[in-house]
Amino acid sequence: MSEEKYLVGIDAGTTGCKTVVFDADGNPLGEDYREYPTLFPKPGWIEQSYDDIIPPLVESCRVAINQSGVDRTKIAGLAFSSQAPLLTMLDEDGFLMRDFVSWQDLRGAPYIPQLREAYGAEEFYQETGDPLGTNSAAPKWAWLRDNEPETFERARWLLSEQEYLLKLWGAEEYWTDLSSASREGMLDVDTLEWSKGVHDLVGLPIEKRAKISTEPGQIVGSITGDIALRAGLPDGVPLAIGGHDQNCSTFGGGAVKGGDTVMVMGTFGSCYVVMDESRRDPQRKLVVKPNHGMGNWTIEAFSNTSASAFRWYRDTFGDLETSAGRVVGIDPYDLMTRQASRSPIGANGVTFLPYLAGASGARQNANARGNLFGLSLSTNKSDVVRAVLEGICFEMKDVINAQKAAGIDIGTIRLVGGAAKSPFWSQMLADSLGHPIEILANNQAGCLGAAMYAGVGVGVYDSCEEAAERAVKVSDRYEPDPETSAQYEASFERFVDSYDALEGRVF
């Protein structure tokens, strides 16, 4: 390039948003993060409001750009990494008709067996690559159809977050990308079009849905006027289609060719393996998605909570660590992992089931809930926090075991998300999973993936492959220790036995 250009990636996550300004080599120049709340109107109902989650995106962008100190006129493009499905209904004028329904929301669970029976579970999976679980959009839309019929019928647009954010920031029409659309479980993952059969099943007119782009980083508008001013952007910055946050994280982790593996451990957890063919899992546990922009697919299973279970522990039991961290300037998560390191492998017999929002992927049980087992009078806080970390790792081991059972080969795993910040937790993952773990120089993979999509769209990179080669760098590697892995295997068996003892009885 003849002159430096900068790219902005905004990760509109579940528990907070982050903006990072990058140069074309993937170096972060300025960033800003802000947490926001989730609403729980009733047990199992999980929503988010416009006032809580949308304004912080604008403020985060402005602060990150200010912090970067870059020449704003050289910002070449911006894209979003977004939640999906985060469902919303808009009227004819584009105004929200209700709060957003979260991907973690469980109220659609009773519709799952009905939809499977009506469409055929195998046919649904073969067409959409989605096993049809609590994370799928179809049962949530079915609930809204039956329980909020007036709003559902009056809605002009039935969308998820990517397309809503793009329109709000300057897109000329409602657009989405392959990864966001496929996360709803209502896309034909081979034809790359909305499934008419699934939409008819749920009663969603396809004309109320966003257009699907198969072009990585497609420019759909420009950021102008008031929102550009408030976001700290010069008038006219190109607005590119980004992707589902997990897809942006895998792209930001360099997963572009067959066999590449990225494990995401943030609010949501998953292990993505890139496939050159659109294969399916014979057990229908694994999700198959187009790897947007790469011309191939990913196969995954996932955790509904993952590292957000650690956040739950912090918010519920970590008042002391949070207060102390604020005083001495240490991240409370670092204080808690130090506590965990004082407990031995197996947490002195304490086992944590991390199913705080039901079980997905390898388990697929909407009624599952979090549990702590093996508590005794000798149990201390170090044992409990270690059990939480181990339980999160063991759910990811369940995911990997399901992938191996489907014939998927897994080698080195690149780790992105909150867990990657902790050397202790990263080594725990390597040992408990039995696979080498690589850590990236830039842990903001979701923001980087979004920025890379924008870079492809505006011509900073010629392709997604070039973007990954140039901007993604490995900084560390953790090798599994065979002896330690054997110790974790015994604890993992206790984890599985604990779940099996409860399934069908307690949940």
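Residues numbered from 1 in each chain as written. Predicted model: local features only at pLDDT ≥ 70, side-chain atom pairs only at ≥ 80, totals over all residues. Heavy atoms only, no water.

(A) Helix H4 (residues 121-128), seen in detail. Considered for burial, the residues of H4 that qualify are Phe124, Tyr125, Glu127 and Thr128. Its buried side turned inward, H4 meets helix H3 (111-119), strand E10 (187-188), helix H9 (196-202) and strand E18 (287-291). Following H4 by one or two positions, Gly129 adopts a phi angle in the positive range, close to 70°. (Buried < 20%, exposed > 50% of the residue type's maximum accessible area, 1.4 Å probe, protein only. Helix = DSSP H or I, 4+ residues; strand = E, 2+ residues; numbered from the N terminus. Contact = heavy atoms within 4.5 Å.)

(B) Layout of the environment of Gly69. Tracing the chain through its elements places Gly69 in the loop between helix H2 (55-68) and strand E5 (75-82). Looking at Gly69, the relative accessible area reads 63%, which means it is exposed.

(C) A look at the confidence of the model for the protein chain. Per-residue confidence for the protein chain averages 93 on the pLDDT scale, and 100% of its residues sit at or above 70. Confidence scores differ between elements of the protein chain, with strand E20 (residues 302-303) showing the lowest mean pLDDT of 82 and strand E14 (residues 237-240) the highest of 98. (pLDDT = per-residue confidence, 0-100.)

(D) Inspection of the packing of helix H16 (residues 423-433) against helix H19 (residues 482-502) at higher detail. With their axes 7 Å apart at the nearest point, H16 and H19 run at an angle of 80° to one another. Our classification of the angle between H16 and H19 gives roughly perpendicular. Contacts between H16 and H19 involve Met428, Ala430, Asp431 and Ser432 on the former and, on the latter, Thr484, Ser485 and Tyr488. Its residues placed into classes, the contact of H16 with H19 shows 3 nonpolar, 3 polar and 1 charged. (Axes fitted to C-alpha atoms, helices over the stretch in contact; angles between N-to-C directions. Parallel < 35°, antiparallel > 145°, perpendicular 65-115°, else oblique. Nonpolar A, V, L, I, M, F, W, Y, C, P; charged D, E, K, R; others polar.)

(E) Seen up close, the nonpolar core. Counting residues in each nonpolar core, the largest one holds 59 residues, and the members touching the most others are Met263, Met265, Phe310, Leu415, Trp425, Leu429 and Ile437. At 12 residues, the largest contribution of residues to this core is made by helix H15 (residues 381-405). In contact with Ile437, other than residues within four places in its own chain, are Ile413, Leu415, Ser426, Leu429, Ala430, Asp476, Arg477 and Tyr478. Grouped together as the second largest cluster of nonpolar side chains are 40 residues, Tyr36, Trp169, Ala210 and Val237 included. (Core = buried A, V, L, I, M, F, W, Y, C linked by side-chain atoms within 4.5 Å.)

(F) Quick look at the packing of H15 against H16. Viewed as axis vectors pointing N to C, H15 and H16 meet at an angle of 45°, and their least axial separation amounts to 10 Å. In terms of axis orientation, H15 runs oblique to H16. Where H15 crosses over H16, the handedness of that crossing is right-handed. Together, Arg386, Leu389, Glu390, Ile392, Cys393, Phe394, Met396, Lys397 and Ile400 of H15 and Phe424, Trp425, Met428, Leu429, Ser432 and Leu433 of H16 make up the contact between the two elements. (Left-handed = near helix turned anticlockwise from the far one by under 90°.)

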